[in-house]
Amino acid sequence: MTNKGPYYITTAIAYTSGKPHIGNCYEIILADAIARYKKADGFDVHFQTGSDEHGQKIETRAIEEDMTPKEFVDKTAGTIKQLWDMMGTSYDRFIRTTDADHERQIQKIFKKLYDQGDIYKSSYEGKYCTECEAFYTETQLKEGRCPVCGGAVHDEKEEAYFFKMKKYADRLIEHINSHPEFIQPVSRKNEMMNNFLLPGLQDLCVSRTSFKWGIPVDFDDKHVVYVWLDALSNYITGIGYDADGESGDLYKKYWPADLHLIGKDIIRFHTIYWPIFLMALGEPLPKQVFGHPWLLQGGEKMSKSKGNVIYVDDMIGIFGLDAVRYFVLHEMPYENDGTITWELMCERVNSDLANTLGNLVNRTVAMSNKYFGGVVANKGVAVPEIDEDLKATVTSAYAKVEKLMDTLHVADALTEIFAVFKRLNKYIDETEPWVLAKDPEKADRLATVLYNLSEGIVIGASLLAPFLPTTAGKIASQLGTSLRDFDQLGSFGLSQGGKVTETPEILFARLDKEEILKKAQEVQARQREEFLEHQKVAFANLVKAGRMTQAEADEKWAELTGGAAAGAKAGEAGAKDGATQEAIDVEAKPEITYDDFAKLQFQVGEILACEAVKGSKKLLCSKVKVGNQVKQILSGIHATYEPEEMVGKKVMVLVNLAPRKMAGLMSEGMLLCAEDAEGKLSLMTPEKEMPAGAEIC
């Protein structure tokens, strides 16, 4: 491949508060696939990831474990790195924010910004979320809780250093407007502009005095550098940036970064705070920040307290590494949240990996062994109307994949690669090798067919290698050949033939769903037991350290276990987590006949898009897919649901309700909800995965 120049890709560094779940691991798998693809495509790639190890939450977690903060982060960073390595991640540096070179540069960066007047000392008073390490104003809170994680906030007042964000705001707005590719997807850009930049930025707290686990401000030892200035700067400190102007060759080669790959929940820090820090330092801005969506467990965020967490090592143990890589890469949409369930994982392995890919390779190898003793040779006996269409599909795949990868539509790129394998399966059906084998005069045509299959599979596997590297290597090995360079993928017939393996390996075995679900239940039961045991020890250590009273510990334990000692807040949390609530009665309506009920048509709908209705505090306007139709439905549920959390939900819809206007918009149905005694709503959703349009009866 021709060298296309340097390409620097980073992930957000993983917070060392605990073991990452599959939703956290999605990002590193995605970044690895992009890095491997770019490398195969001729770029000189540098791929950095790592761990974020400072902050008040880490200090508290260390107390829970009866460790020093450094002991705790050493343990957790080791777990994170072990998981990244288990997933075959091809990073060039795993940076830790406790690394000596990083800590020294953060002190120098802080001093430089202070000396040039961008940082000043004052005091802060506001609402603080320990979980997110973030301050919020009253107006930013949602029902008095953190707008990001939904957790409790508390009043915090302390002396702090602040960064003058307003000084650079107009310059950042101009950059975003003149570089439309800078923030992707576009919806993330709109959110940052409309919710933060255009209303006006507040100065940012960049130091703390209420805890000590952080990088000390070397000219004012009461303060430690606030986690976001510390963590974000890893992208430059990790490649040799020096605040005194003595940056190394690696920095000069790779900065600005081509891609910061991050979760959508931290887009604000990466597209507002980080660019402004860089502007103040006089450094170029990264070329692109991509805020990927979340991977949800059955439509919900994963939570240890809910017992719905899926860990990547458990999944690899059950499904294998490449099956897990395929699933998370294929199932995550470009912009909206994706869903992972054990059932869906099982379906994808059976349909895509075992049937479409595994069966194709196995049949091709088996037929080559059966009919020609494993020898693959091109005899040049073509049927143009069949063969040319196959070759066109195979040789055009790289250009299609390249275009999609350039815009980070990774799931769509995988779909294009599997379109090659599907076309090869169709080619087997078209040519019927088992029929050709019955006629000795068609032996050369049969050999040509098997050559075409082998050639097509190798080209497809070469494209697949960045996404499923182990599988791609096994395919080439079984076919007795090697994977191709990307600049060769537009040519069909480069192979001079060869010999396939005599002992083909099943790439992906079909799975028994009931057996998998049984294993999943065992995993989740074990995780729940481990979580409760951990929390019991954590509460005891917090009480011992004076961070929590025994009464508070007892109440929190009751919340987790459903005990009666939990107060009103615990009851609310239990309701959210599916705990039993007191039954309520509603006023009975007049009795109806079956014929009355039969007139109502209920179906499953999938919400494709949702937005708040202007001028209304209650209404949301949803685009709902029901079968092959898309209906516009207005619902008075904005007090309970935000538009972004509606997208992707499967809901129950009354579809034959006469259309009516609401707030000037036409509504073409009704979303079904349950309502408790306090008027809180919950959308009715199917218990199991059902297609949009499925009838509810």
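These figures come from a predicted structure and were not determined experimentally.

Along the backbone of the protein there are 24 helices and 27 strands. Based on the C-alpha atoms only, the size of the protein along its principal axes is roughly 90 × 80 × 50 Å. Considering only contacts within the protein whose residues lie at least 6 apart along the sequence, 74% involve residues at least 24 apart. When the accessible area of the protein is evaluated, it comes to approximately 32,100 Å², of which 49% is carbon and sulfur surface.

Time to look at the confidence of the model for the protein. Interpreting fine coordinate detail is not advised for predicted regions of low pLDDT. The pLDDT averaged across the protein works out to 91; a share of 96% of its residues lies at or above 70. Contacts for the low-pLDDT stretch residues 564-580, under 50 throughout, to residues beyond four places or in other chains number 13 contacts.

Moving on: unusual backbone geometry. In the segment running from Gln 184 into Pro 185, the intervening peptide bond is cis, with an omega of -10 degrees. Inspection of the secondary structure puts Pro 185 in the loop between strand 8 (183-184) and helix 6 (186-197). That bond from Trp 255 to Pro 256 is cis: its omega, 10 degrees, falls within 30 degrees of zero. Looking at the element boundaries, Pro 256 is found in the loop between helix 9 (249-254) and strand 12 (259-263). Unlike most non-glycine residues, Asp 66 shows phi in positive territory, near 60 degrees. With respect to the element layout, Asp 66 can be found in the loop between helix 2 (56-64) and helix 3 (69-86). Asp 66 gets classed as exposed once you look at its relative accessible area, which sits at 53%. Backbone geometry places Leu 408, a non-glycine residue, at a positive phi of 65 degrees.

Before going further, it helps to examine the pairing of strand 13 (residues 289-292). The side-chain alternation of strand 13 yields two buried faces, one formed by Val 289 and Gly 291 and the other by Phe 290 and His 292. Across two bridges, the pairing between strand 8 and strand 13 is parallel. Directly across from Ile 183, in strand 13, lies its bridge partner Val 289. One ladder, built from four bridges, connects strand 12 with strand 13; its direction is parallel. Bridge pairing in strand 13 links His 260 to Val 289. Considered for its hand, the β-α-β crossover made up of strand 12, helix 10 (residues 267-281) and strand 13 is right-handed.

Attention shifts here to the environment of Gln 527. With respect to the secondary-structure elements, Gln 527 resides in helix 20 (residues 513-544). We classify Gln 527 as buried; its relative accessible area is 10%. Distance from Gln 527 to Asp 41, taken between C-alpha atoms, is 41 Å for residues 486 residues apart in sequence. Not counting residues within four places of it along the chain, the set of residues in contact with Gln 527 comprises Val 309, Tyr 311 and Asp 314.

Attention now moves to the side chain of Arg 188. With respect to the element layout, Arg 188 can be found in helix 6. We note that Arg 188 is buried and unpaired, the nearest opposite charge coming from Glu 335 at a distance of 5.1 Å.

A word on a nonpolar patch on the surface. On the surface, a cluster of nonpolar side chains totalling about 440 Å² of accessible area is made up of Ile 592, Tyr 594, Phe 597 and Leu 600. Within the secondary structure layout, Leu 600 lies in the loop between helix 23 (594-598) and strand 18 (602-612).

With that settled, consider the environment of Leu 204. Mapped onto the secondary structure, Leu 204 falls in strand 9 (residues 204-205). Taking the C-alpha atoms as reference points, Leu 204 and Asp 322, separated by 118 residues in sequence, lie 42 Å from one another. Beyond its immediate chain neighbours, meaning those up to four positions away, Leu 204 contacts Tyr 161, Phe 162, Phe 163, Met 165, Tyr 273 and Phe 277.

This part covers the sheet that holds strand 5 (residues 119-129). Spatial strand order, 6-5-7-9: four strands in an open sheet with antiparallel pairing. Two strands lie at the open edges of the sheet, namely strand 6 (134-136) and strand 9, each paired on one side alone. Bridge count for strand 5 against strand 6 is three bridges, and the pairing is antiparallel. The partner of Tyr 128 across the bridge, within strand 6, is Phe 135.

With that settled, consider helix 4 (residues 100-115). Under the 1.5 Å per step criterion, the end-to-end length of helix 4 is 23 Å for 16 residues, consistent within 8% with the ideal 22 Å. What helix 4 keeps buried is the set His 102, Gln 105, Ile 106, Gln 107, Lys 108, Ile 109, Phe 110 and Leu 113. Taken from the residues just after helix 4, Gly 117 is the one with a positive phi, measuring 85 degrees.

Before going further, it helps to spend a moment on the side chain of Asn 350. As for its placement among the helices and strands, Asn 350 is situated in helix 13 (residues 342-372). Overall, the relative accessible area of 10% leaves Asn 350 in the buried class. For Asn 350, the side chain forms a polar contact with the main-chain nitrogen of Leu 511, separated by 2.6 Å. Sequence-distant contacts of Asn 350, defined by excluding residues within four places in its chain, comprise Asn 355, Ala 509, Arg 510 and Leu 511.

What counts, and at which threshold
Sequence order as written defines the numbering, with residues in each chain counted from 1. Per-residue local features of the predicted model are confined to residues with pLDDT of at least 70, and side-chain atom pairs are confined, for both listing and counting, to 80 or more; whole-chain, interface and lining totals are unaffected and use all residues. For the side-chain quantities, the full set of heavy atoms in the structure was used; hydrogens and water were omitted. Elements are defined by DSSP. Helices are runs of H or I of four residues or more, strands are runs of E of two residues or more, and each kind is numbered from the N terminus. When checking whether two residues touch, look at their non-hydrogen atoms; a contact exists if any pair is within 4.5 Å. In this description, accessible areas are obtained by the Shrake-Rupley approach with a 1.4 Å probe, and a residue is regarded as covered only by the protein chains that are shown. Residue-level confidence of the predictor, termed pLDDT, takes values from 0 up to 100. Throughout this description, buried means an accessible area under 20% of the type-specific maximum (1.4 Å probe, protein chains only), exposed means over 50%, and partly exposed covers the range between. A pair of strands is treated as paired once DSSP finds two or more bridges between them. Crossovers are described as right-handed under a simple rule: with the strands pointing away from the observer, the path leading from the first strand over the helix to the second runs clockwise. The charge count includes Lys and Arg as positive and Asp and Glu as negative, but it does not include His or the ends of the chains. Just to be clear on terms, a salt bridge is a Lys or Arg side-chain nitrogen sitting within 4 Å of an Asp or Glu carboxyl oxygen. A patch consists of residues whose relative accessible area exceeds 30% and which take part in no salt bridge; residues with like charges are grouped when within 9 Å of each other, and nonpolar side chains (Val, Leu, Ile, Met, Phe, Trp, Tyr) when within 5 Å. For a helix, the expected span equals 1.5 Å multiplied by the number of residues minus one. Here a polar contact is recorded for every N or O atom pair within 3.5 Å, except that within protein the pair must consist of a potential hydrogen donor and a potential acceptor, and residues adjacent in sequence are included only if both atoms are side-chain atoms.

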